[in-house]
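This is what each chain is made of:
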Amino acid sequence: AKRAELDTLVIEREMMSGGQILSTYEVDNYPGLPGSSGFDLGMKFREHADQLGAVFTEDCIESAELSGAVKTLYGQKEAYQARTVIIATGARHKKLGIPGEEELSGSGVSYCATCDGAFFKDKTAAVIGGGDVALEDAIFLSRLCKKVHLIHRRDELRGAKTLQKRVLESDKIEVHWNTVADAIEGDGRVESLVLTNRKTGETERLETDGVFIAVGIEPESSAFSQIVETDSQGYFAAGEDGATSVPGVFAAGDVRTKQLRQVLTAASDGANCVTSVERYLAER
């Protein structure tokens, strides 16, 4: 937006820019910067924006009035007005809330197999979940890992039948039925997973190098969801141009309807949204 010479304010909820990427140990799916830590990549993005003169402020938007020609955002600290708004609030992975999950996040605990799976080549991984994403993750990881454990709390999988068939036929994937994870253990890195069988009550310690949690994600859309049209899961209904149901309001990144949620596609969304903003302003 600054390169387009738009008068721009970036409102960040956290003290540091970068969002989810800051907790990623290593990013390998962003072109040209192999091996970068999520923190370093986030800082590079922020430094680039700073060099261009982008203005940042720290606040949390709680509500908004978006219907008029001038939009008003109400934060915890103050109110902000603009002719256009790009919502890039992202999505959060649903968490298990068990000991070790937060402490080892980015150090063996991951919520994205396609993002982090390559780091577990020829190692052992555990996937927690039973839906489409969990099955897809287990299949993806089975191509890289020497062994994949699929942990599911029920006695049957919830994912598509075609995915179930591939999982059950794989000699690299072992399904642990009626099983829940109680804790993730490790000294600086994931080393094991404490499991309990819900039927027998038996507890076991499963050695693993990585834990992939695939129990769903949810968009950070609550501040705008009553104003801007969303799909059934709460993601803003917006195509590649980022245009939402409200004129002058655009959605970029993980918070919008899309096939793939990665840093690469989020950056692409940002560029598309700025082009849409320019077009919107030029027409008025």
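Everything below is about the structure shown above.
Computed from a predicted structure; not experimentally measured.

Chemist: I'm lost on the sheet that holds strand S3 (residues 61-65) in this one. Help?
Modeler: Within a sheet, adjacent strands bond to each other through the backbone by hydrogen bonds, running parallel or antiparallel. Taken in spatial order, the three strands of this open sheet run S3-S4-S5, and their pairing is antiparallel. This sheet does not close on itself; its edge strands, each paired only once, are S3 and strand S5 (79-82). Averaged over all adjacent pairs, the angle separating strand axes in this sheet is 20°, with direction ignored. In terms of strand pairing, strand S4 (residues 71-75) meets S5 through four bridges, oriented antiparallel. Within S5, the residue paired with Leu-73 across the bridge is Tyr-80.

Chemist: Before we go on, may I ask you to explain the nonpolar core in this structure?
Modeler: The tendency in soluble globular proteins is for nonpolar side chains to be buried side by side. In terms of nonpolar packing, the biggest core is built from 19 residues, with Val-127, Leu-141, Val-148, Leu-150, Val-167 and Phe-212 touching the most fellow members. Breaking this core down by element, the ones donating at least two residues are strand S9 (124-128), helix H3 (132-142), strand S10 (147-151), helix H4 (161-169) and strand S11 (173-176). By residue number, the principal contributor to this core is H3, which donates five residues. If we ignore the near neighbours within four places in the chain, the residues touching Val-167 are Leu-135, Ile-139, Leu-150, Ile-173 and Val-175.

Chemist: Would you explain H3 in this entry?
Modeler: Along an α-helix, residues three or four positions apart point the same way, because every turn accommodates 3.6 residues. When H3 is considered as a whole, its buried residues turn out to be Ala-134, Leu-135, Asp-137, Ala-138, Ile-139, Leu-141 and Ser-142. In this structure, the buried side of H3 is in contact with helix H2 (113-116), S9, S10, H4, S11 and strand S15 (210-213).

Chemist: Quick question: what am I supposed to make of the side chain of Thr-124 here?
Modeler: Tracing the chain through its elements places Thr-124 in strand S9. Relative accessible area serves as the criterion here: at 11%, Thr-124 is assigned to the buried category. Not counting chain neighbours up to four residues away, the residues in contact with Thr-124 comprise Lys-146, Lys-147, His-149, Glu-207, Thr-208, Asp-209 and Gly-210.

Chemist: Can you walk me through the layout of surface pockets in this structure?
Modeler: The rolling of a water-molecule-sized probe over the atoms marks out the regions of remaining empty space. Computed from the structure, the second largest pocket encloses a volume of approximately 230 Å³. Lining the second largest pocket we find 13 residues, and of these Leu-96, Ile-128, Gly-129, Arg-153 and Val-215 sit closest to its centre. Looking at side-chain class alone, the lining of the second largest pocket contains six nonpolar, four polar and three charged residues.

Chemist: Honestly, the sheet that holds S9 in this entry has me stumped. Any pointers?
Modeler: Strand order in the open sheet made by the five strands is S8-S15-S9-S10-S11, with parallel pairing throughout. Strands with a single pairing partner mark the edges of an open sheet, and in this sheet they are strand S8 (109-110) and S11. Sheet topology places S10 next to S11; four bridges connect them, and they run parallel. The partner of Leu-150 across the bridge, within S11, is Val-175.

Chemist: What am I meant to see in the pattern of salt bridges here?
Modeler: Any two side chains of opposite charge can pair if their charged atoms end up close together. Tallying each qualifying case throughout the model produces twelve salt bridges. Glu-220 serves as the salt-bridge partner of Arg-13, at 3.6 Å between the closest nitrogen and oxygen. Linking Arg-13 in the loop between strand S1 (9-12) and helix H1 (38-51) with Glu-220 in the loop between strand S16 (217-219) and strand S17 (249-251), this pair joins segments that are 207 residues apart in sequence. With relative accessibility at 47%, the residue Arg-13 sits in the partly exposed group. If you follow the salt bridges from partner to partner, you end up with Arg-13, Glu-14, Arg-92, Glu-218 and Glu-220 in one network.

Definitions and cut-offs
- Residues numbered from 1 in each chain as written.
- Predicted model: local features only at pLDDT ≥ 70, side-chain atom pairs only at ≥ 80, totals over all residues.
- Heavy atoms only, no water.
- Pairing = 2+ DSSP bridges.
- Helix = DSSP H or I, 4+ residues; strand = E, 2+ residues; numbered from the N terminus.
- Axes fitted to C-alpha atoms, helices over the stretch in contact; angles between N-to-C directions.
- Core = buried A, V, L, I, M, F, W, Y, C linked by side-chain atoms within 4.5 Å.
- Buried < 20%, exposed > 50% of the residue type's maximum accessible area, 1.4 Å probe, protein only.
- Contact = heavy atoms within 4.5 Å.
- 1 Å grid on protein atoms, 1.4 Å probe; cavity = no way out; pocket = protein on both sides within 12 Å on 5 of 7 lines; lining within 4 Å.
- Points joined across faces, edges and corners; volume = space filled by probe spheres on them.
- Nonpolar A, V, L, I, M, F, W, Y, C, P; charged D, E, K, R; others polar.
- Salt bridge = Lys/Arg side-chain N within 4 Å of Asp/Glu carboxyl O.

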